[in-house]
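Architecture at a glance
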Amino acid sequence: MQNWPPDIRGIIVGPPEHLMHTADYSKFEARIAAAVAHDEGLLQTFREGGDPYRSLGLTLGFDPAALDSSGHSYKIVKTMFLARLYGAGTLKIQEIARRDGLDISIRLINEYLPILRRAMPGVEAWQATETARLRASGEARTLEDRRRLVRGVWSKDPTTRA
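Report follows, based on the coordinates.

Analysis parameters
Residues numbered from 1 in each chain as written. Predicted model: local features only at pLDDT ≥ 70, side-chain atom pairs only at ≥ 80, totals over all residues. Heavy atoms only, no water. Helix = DSSP H or I, 4+ residues; strand = E, 2+ residues; numbered from the N terminus. Buried < 20%, exposed > 50% of the residue type's maximum accessible area, 1.4 Å probe, protein only. Contact = heavy atoms within 4.5 Å. Areas by Shrake-Rupley, 256 points an atom, 1.4 Å probe, with all protein chains shown as cover. Expected span 1.5 Å × (residues − 1).

1. A word on the overall build of the chain
Counting secondary structure elements, the chain contains eight helices and two strands. Sequence-ordered secondary structure for the chain, helices as α and strands as β, is α-α-α-α-α-α-α-α-β-β. Relative to its full complement of 162 residues, the chain shows a buried share of 30%. The long-range fraction of contacts in the chain, counting pairs at least 24 apart against all pairs at least 6 apart in sequence, stands at 39%. For the chain, the accessible surface area stands at approximately 10,900 Å², while carbon and sulfur atoms represent 56% of it.

Put into structure tokens, the structure is as follows:
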């Protein structure tokens, strides 16, 4: 139901003596990253009821008026945050942005990435630790300690290295 229009969601009802439970998955990847990485800036944003993508957009210097959740600037920040969270580099970020209908230059991505990294030191430290563990063991691990071998992790070719 999360992606259903609000007027449609209202037609889903149960009998009067029953309760319907809902869950808000809004920005769940950012919430999980903040918690797992103990990133105080992101955690504080959530504690205050803020929006991490808007907050990061302001850090990047975007016009506050352009950072509503349906705006182009907001979508660029969200795309960069999530792509970076999943380990994407500059070219992959641009590819993902273009696939999502966003136009952002390599120059701007390279300008924004260091700012994002400084704005999220906990996430950056957590990613560095996990990357080092991956490179040492050749396997990725979930929070529940499930393991998966990652091919190409030791490759010398940066285009194929995991």
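2. As for helix H5 (residues 72–85)
Turn by turn, an α-helix covers 3.6 residues, leaving residues three or four places apart pointing in a common direction. Taking 1.5 Å per residue as the helical rise, H5 with its 14 residues ought to reach 20 Å, and the 20 Å between its terminal C-alpha atoms agrees with that figure. Counted residue by residue, H5 has eleven buried out of 14 residues, so it is predominantly covered. What H5 keeps buried is the set Ser 73, Tyr 74, Ile 76, Val 77, Thr 79, Met 80, Phe 81, Leu 82, Ala 83, Arg 84 and Leu 85. Of the surrounding elements, those touching the buried residues of H5 are helix H2 (28–37), helix H3 (40–47), helix H4 (52–59), helix H6 (90–99), helix H7 (106–119) and helix H8 (121–137).

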